[in-house]
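Examination of the molecular architecture
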Amino acid sequence: MVNVIGLGYIGLPTALMLASSGVEVVGTDYNKELVATLSSGRTTFKEKGLDELFEAALKAGITFTTEYQETDTYIVSVPTPYDKFSKKVDPAYVVAAVRKVLSVCKKGATVVVESTVSPGTIEKAVRPVLAELGLEAGKDVNLVHAPERIIPGNMVYELIHNNRTIGADDRQVGEKIKELYSSFCKGEIVVTDIKTAEMTKVVENTYRAVNIAFANELAKICRHDDMDVYEIIRICNMHPRVNILKPGPGVGGHCISVDPWFLVGDYPGLAKVIDEAMKTNDKMPDFVLNRIYEIMQENGMTDIGRVGLYGLTYKENVDDMRESPTLQLLESQERHLAPGLKVYDPFIEKDVVKNQYHDLNSFLDDVDLVVVMVKHDEIVENKEKLSGKTVLDCHNVIDLPGVYHI
Ligand code: SAJ
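Let me sum up the structure you'll find in this document. (Residues numbered from 1 in each chain as written. Predicted model: local features only at pLDDT ≥ 70, side-chain atom pairs only at ≥ 80, totals over all residues. Heavy atoms only, no water.)

**Quick look at the site of the ligand**
In the vicinity of the ligand, 20 residues are found, and the nearest of them are E148, R149, N205, C255 and Y314. Between the ligand and I150 there is a distance of 2.7 Å, counted from an oxygen atom to a backbone nitrogen or oxygen. The separation between an oxygen atom of the ligand and a polar side-chain atom of R208 is 2.9 Å. Grouping the amino acids of the shell around the ligand by side-chain chemistry returns nine nonpolar, three polar and eight charged. (Near = heavy atom within 4 Å. Polar contact = N/O pair within 3.5 Å; in protein donor to acceptor, adjacent residues only side chain to side chain. Nonpolar A, V, L, I, M, F, W, Y, C, P; charged D, E, K, R; others polar.)

**Digging into the packing of aromatic side chains**
The final tally for this structure, using the stated rule, is six aromatic pairs. Each ring, one from Y310 and one from Y344, has its centre 5.7 Å from the other, and the planes form 55°; the classification is tilted. One end of the pair, Y310, is in strand β9 (residues 307-310); the other, Y344, is in strand β10 (residues 342-344), with 34 residues separating them in the sequence. In this structure, Y310 and Y344 share a single accessibility class: buried. Among the aromatic side chains, those forming a connected cluster through ring pairs are Y310, Y344, Y357 and F363. Above the face of the W261 ring, K87 is positioned so that its terminal group lies 4.1 Å from the ring centre. (Phe/Tyr/Trp six-rings, centres within 6.5 Å; stacked < 30°, edge-to-face > 60°. Helix = DSSP H or I, 4+ residues; strand = E, 2+ residues; numbered from the N terminus. Buried < 20%, exposed > 50% of the residue type's maximum accessible area, 1.4 Å probe, protein only. Lys NZ or Arg CZ within 6 Å of the ring centre and 35° of its normal.)

**A closer look at the pairing of strand β2 (residues 25-28)**
Burial along β2 is two-sided: the residues V25 and G27 and V26 and T28 are all buried. Here strand β1 (residues 2-5) pairs with β2 via four bridges, running parallel. Looking across to β2, one finds that I5 is bridged to T28. Crossover handedness for the path β1 to helix α1 (residues 11-20) to β2: right-handed. Where β2 lies against strand β3 (residues 63-65), three bridges are found, and the strand directions are parallel. Bridging from a neighbouring strand, G27 pairs with F64 of β3. (Pairing = 2+ DSSP bridges. Right-handed = clockwise from strand over helix to strand, strands pointing away.)

**Quick notes on the sheet that holds strand β13 (residues 390-393)**
If you walk across this open sheet you meet the six strands as β11-β10-β9-β12-β13-β14, and the pairing is parallel. Strands with a single pairing partner mark the edges of an open sheet, and in this sheet they are β11 (356-357) and β14 (404-405). As paired elements, β13 and β14 share two bridges and run parallel to each other. Counterpart to L392 in the pairing with β14 is Y404.

The following block contains the structure:
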């Protein structure tokens, strides 16, 4: 039996996927409410294909509890936040979960950490717990790091089709866990050591963060000298060895806007390009705010209350708001003592910010300048509703005459 610890954005789909592929699974989470919701047959967040997968897993017998189980295989998928000041990963949840696992597991059990951690975290934060409890790695318990790679919005597909990395002290243990993931994963599964696996995960997200920062810097250069950044990137990407990502209103989410900081925090003075890239991305919401004021001035608008931000989530077609550029922009605007922007997001049903709307038409009725912060399908498919409005399109998805860009 596999005990999956942490039933959030990654742990839940992983547990469901294993169960629906024939593995006996118990999902554990310390959040009683979450466990009650899942046990009553409802999922806890929206994601393409998740409800169907949940049904299949329930039929296969998955159960949910707040208790850690006595078994021989664990997958730990708890959050790893970062400390905003030191920029280092905070492994407290992982350490606490592993500690609890070690208090109930069978001798010789394997503990797989899926949570993203910075290189050396398992060595520095997790291994000492074993020593403290008088346990020997490789004999009493095996440690494995198998970082997840799935993207919110396409998690179910990517769980099946992405390649995976498994880091283990011992090759045989790595191969055993590879077999477990092969129950549903059709991608290639590489077995390596733990520190390499830790580093690859952080590097993958850092690569994207730096590439996005490059695109954002190009957008600023092109804005300054009146060039079309999208046309320029499109042409450059026709080169066989160039692949520039897209500029945008900022980088959100719990991964690309966070993980690269681990390298900055852990290797001060060495991770300089990464440090600058992260700062560049972090400044994008302020850049958009300046564009809003510029466009208002150009159009003789004076009332910020007639400006509407479309989108609150960190990216399109998900209901996840973590580190969202829109929230960053609103915070920055409050600091400038100029509140009043209107906000709407079709994926956010609860009131989370001031002046929030829950219906596209009434939102549009109350604003003159619409800022497309998130490219949800809804706005792209309803772009004709924007005609007659002044539009700042931060993603170049609204194909209408006279639209402004960042
Ligand atoms: N963004 C841009 N320009 C782009 C692409 C994205 O500004 O060209 C912005 C998005 O709008 C969003 C942020 O970046 O605010 C991140 O979005 P994303 O869709 O690129 O990535 P995440 O954070 O949802 O998921 C990433 C993925 N990592 C990589 O692609 C290397 C995913 O595979 C990981 O599993 C996930 O992080 C994670 O958990 O680490």
